[in-house]
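# Topology and contacts: notes
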Amino acid sequence: MRHFRLNVLLSLIALAVTHPSVGRATELIHVSQSNYSQVVPAGKEVDAIVGDYVLRNEHVTAVIAQAVPNRKANMTVRGVSGMLIDFTGRHFGSDQLSCFYPTAGRYSFEQSDQVLCRIDGKVVELAPHTSTAEKSDEANREHPHFSGKSISLTFSGTPIAADGTTATVTYTLATDQSWIEYQVELTNPSGSAVKLPIEDSVRCDGSLFSDSHDEELKLFSTTDRYFGQSYGFMLDNETIRSVGSGRNLRLTSSQANASSVAAGEKVAWSGRVCCSQGIPGVRSWARGQLESLSTEPTQLTLQSSHGPVAHAVVEYFRNEKSLGEVLSNSEGIVRSNLLPGEYKVVIQSLGRQPRELEFAIDRGKQHADTVTLSEASRVRGEIVDGEGLPIAAKVQFVGLEGTIDPDFGPDSAAEGVKNVVYCALGKFEQPLNPGRYRVIISHGPEYDAETQEIDVADGQLVPISSKLPRTVQTRGWVSSDFHSHSSPSGDNVSDQRGRVLNLLAEHIEFAPCTEHNRIDTYTDDLLALRATAAMATCTGMELTGSPLPINHQNAFPLHRHEHEQDGGGPQTDADPVKQIERLALWDNTSSKVVQTNHPNIPQILGDVDLDGKPDGGFRGMLGWMDVIEVHPPEGIFTPPSATVAPDDKRKNPIFFWMQLLNLGYRITGVVNTDAHYNFHGSGWLRNYLESSSDNPTTISVDEMIHSAEHGHLVMTTGPFLETKLLVGDGDSTQEFTVGDDVQLKGDSTATRMWIRVQCPNWFDVNRVQVFANGRPLEQLNFTRKTHPEMFSSEHVRFEQQIELPEFKQDTHIIVATIGEELTLGPVMGPESGKLPPVAVTNPIFIDTDGSGFQANGDDLGLPFMLPSRDK
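About the cut-offs
Residues numbered from 1 in each chain as written. Predicted model: local features only at pLDDT ≥ 70, side-chain atom pairs only at ≥ 80, totals over all residues. Heavy atoms only, no water. Helix = DSSP H or I, 4+ residues; strand = E, 2+ residues; numbered from the N terminus. Buried < 20%, exposed > 50% of the residue type's maximum accessible area, 1.4 Å probe, protein only. Polar contact = N/O pair within 3.5 Å; in protein donor to acceptor, adjacent residues only side chain to side chain. Salt bridge = Lys/Arg side-chain N within 4 Å of Asp/Glu carboxyl O. Contact = heavy atoms within 4.5 Å. Pairing = 2+ DSSP bridges. Axes fitted to C-alpha atoms, helices over the stretch in contact; angles between N-to-C directions. pLDDT = per-residue confidence, 0-100. Core = buried A, V, L, I, M, F, W, Y, C linked by side-chain atoms within 4.5 Å.

Checked against the element boundaries, E806 lands in the loop between β52 (796-803) and β53 (811-818). The partly exposed category is assigned to E806, whose relative accessible area is 44%. Expressed as a C-alpha distance, the spacing of E806 and H676, which sit 130 residues apart in the sequence, is 46 Å. There is a polar contact of 3.0 Å between the side chain of E806 and the side chain of K808.

This brings us to the pattern of salt bridges. A pair can form between side chains of opposite charge whenever their charged atoms are brought close. Enumeration according to the criterion identifies 39 salt bridges in this entry. Among the ionic pairs, R287 bridges to E291, the shortest N-O distance being 2.9 Å. Of this pair, R287 and E291 both sit in helix α4 (residues 279-291), separated by four residues, roughly a single helical turn. A relative accessible area of 41% places E291 in the partly exposed class. The partner of D741 in a salt bridge is R666, and the shortest N-O contact between them spans 2.8 Å. Taken together, the residues span a long stretch of sequence, with D741 in strand β48 (residues 741-743) and R666 in the loop between α10 (653-662) and β43 (668-670) at a distance of 75 residues. Look at D741 and you get partly exposed, because its relative accessible area is 44%. Salt bridges sharing partners connect three or more residues here, namely E401, R436, R438, E453 and D455.

Okay, helix α5 (residues 496-505) next. For α5, the tally of buried residues reaches nine of ten residues, placing the bulk of the element in the interior. Taken together, the buried positions of α5 are occupied by Q496, G498, R499, V500, L501, N502, L503, L504 and A505. Packing partners of the buried residues in α5 comprise β31 (393-400), β33 (420-423), β35 (435-442) and α6 (523-528). Its side-chain oxygen 2.8 Å from the backbone nitrogen of R497, D495 forms the N-cap of α5. Downstream of α5 by a residue or two, H507 has a phi angle that is positive, lying close to 60°.

Attention now moves to the sheet that holds β52. Taken together, the four strands give an open sheet; going across it, the order is β47-β46-β49-β52, and neighbouring strands pair in antiparallel fashion. What marks the edges here is a single partner per strand, and that holds for β47 (734-736) and β52. The mean inter-strand angle of the sheet, taken between neighbouring strand axes irrespective of direction, is 20°. Here three bridges tie strand β46 (residues 720-727) to β47, and the two strands are oriented antiparallel to one another. In the sheet register, L725 faces β47, and the bridge partner there is F736.

Below, the discussion takes up the confidence of the model for the chain. In the predicted model, the chain carries a mean pLDDT of 92, and 93% of its residues have values of at least 70. Here residues 1-22 is modelled with pLDDT under 50, and outside its nearest four sequence neighbours on either side it reaches 53 contacts, counting other chains as well. In the model, residues 130-136 has pLDDT below 50 throughout and makes three contacts with residues more than four positions away in sequence or in other chains.

To continue, consider the side chain of D858. Counting through the fold element by element, D858 comes out in the segment after β55 (844-847). Of note is the side chain of D858, whose polar atom sits 2.6 Å from the side chain of R775. Sequence-distant contacts of D858, that is, excluding residues within four places in its chain, are made with N662, N773, R775 and F864.

The subject of this paragraph is the nonpolar core. Ranked by internal contacts, the top residues of the largest apolar core, which has 64 residues, are F87 and Y171. Counting residues in hydrophobic clusters, the runner-up holds 53 residues, among them C538, I604, F655 and L660.

As a further point, take the pairing of strand β7 (residues 116-119). Burial of β7 is one-sided: the residues C117 and I119 facing one way are buried, the residues L116 and R118 facing the other way are not. Note: β7 against strand β10 (residues 150-159), four bridges, orientation antiparallel. Within the sheet, the bridge partner assigned to I119 lies in β10 and is I151. Here β7 folds back onto strand β8 (residues 122-124) in antiparallel fashion, the turn holding two residues, of which D120 has a positive phi close to 50°.

Here is the structure:
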């Protein structure tokens, strides 16, 4: 047997030092504002709030949600009162559990006065739950901190569907356990028999989780290899089986799915839940449970001459049988509790040849190995702007001449996402398999992109340097995305820091945090990335209710109540009008932007049930919204036919937005990515808002609100489009920008449009079109083919003053540009890169007679969805 015992003594010391201990006691801690950061575990899916219970020992930390009504982990993980919502190791905190539901969500455990605590078998009194009025004081008050050899928490539940039964669920953590025990007891106090399922359920969200059954070990496990968390489930004296998958994964006995419980009788079952950095630890635990064997803490540290080796794939073998794979963490460490015996591991790391290691784990002894791996073939990048200052960047690696595109991580990762590296400060180092690559380096559409080709040899370090000049000048305007998501939203599992990296790398200068149904913040991520000077932000949320998709609204800024349910945000309502009103009036009617997302505008205007017959719609929503999403912006060039079906009327919202303008609803149009994943998730849609500061450190949120509400905003997939209405001649010329009202003095007043379009070196436009009251003006349609003299191949692609026709009635003017039959290209990735470069302004409103702007009521050839009396 070969042994690599490099620095073993130091590794053993490190194992002891980095393995936190609380003596050898089990602790019960009531989470408060003051202790939150000390007691709540780490991990992408942590959902603990003030008032929840932490159970922990030296091995694991578990969070049990408090027994209160309407306790939610996130938008889609609901009814979690009394449930296990966070669970991970003390030595490697990476909670990926959404929720474990004993009784599979059939019971509600909301009776806070019936929570029972036992310390070493003795009942102790817990602090009572406080009312909402007392919540502020409660959040900052320290609760008793209990400790003992074994601590149990018992919750009482009533059925969601009334059948007269009751339930109790008990969680137990003992000092020497790396797992949670749970017991379920269902009681039938009614006068007749009731058939009750013997069933639990688990939510481990995202496609990264892989499920497996081991009949021999009576084990069900689910593993997120990339984020380093595996969960194992066992039923006592039973073989566990699973039904369903993903959000509806139910766990039950293989013997029976239900039991008939006679009047006055009970049915009970119990089980265990463990966690480990990877599946080898879970399988070792399960065998130890069945064979009454103890596992031993084991640590493998992977290093090279240039630092820790992260994301290496380590496969464990015992008795020549694979126990599965684990990925090393950011420190190059793999920790597992393994059974005594002889092991082999195979280590595979990007840019290196595989390596094998053999070792033995002795009973009663911790084990540690440090392995120094060979130098990886890798790239080291340094990206600066035209002034030589470091900037955030997106760097893509595309395999050439038979070289396979690299896969640095899943689309929910942060820095390395599929074949893309994101960096916040212009520097990165990334292992890469030998081969030939095309490298595409970018920083959003205000900067030129650069393409290089590199050859990477085995073990070679290839330096990459790039200077990206800012060739598109946007003084007086800042780029923004009002609608992004990450894992806290509950409908995706993307790392939130990865979302912030996306935004930084795409040069978004202002981005409110708008997670689903909770007020949240990007500030912590910007601080961690040392990027607070690169992007302005504020707290906000998307309030997502039903009916879908119409009942989605964003709002920012909102006051965040840190570590409280939903961040202190408002609740949804089944009536979209009530929901948007509630959001608009939140925080004592504070100033904010209220945005309607995914609108079916005809449904809002007059067709609630989408049957094609006017019924009043949800028109009350229009009075509360400041801005409305109208993407895709290219829809302005392709109006729908008059026969469009009711269900298809949300496919071209920019057309229906112009109908709204013609009815007198002056609601600002916006475009947003609604990004949910981190692979080119941000950047391909953005808004430019008028701003007195181009510096993110001095961008005023109040000014962003004002610009959004007043239509001082241009929508784009990349081109920077500016337009001004020029009134008068010579020194008396007045300039008006998008969103402005213009009062003409008479027919003799000269009116012109100044239009400028700028593009970087990686996409182009070939058409500029002026729209009057939503209709394209044929005489103001300019293309490279018909007006080649107006267009340029320089960064300023188009800059002209155009005479406007004389308008006989009040008219709103919109300007749009597009690259017809062109695309954004590979800089924006394989999907968004297929989109055309396009930009659309918000209107300038021309009042021709001084009586105030009057909308003309034009339906643009498609009848309004309005009752006849409203037309």
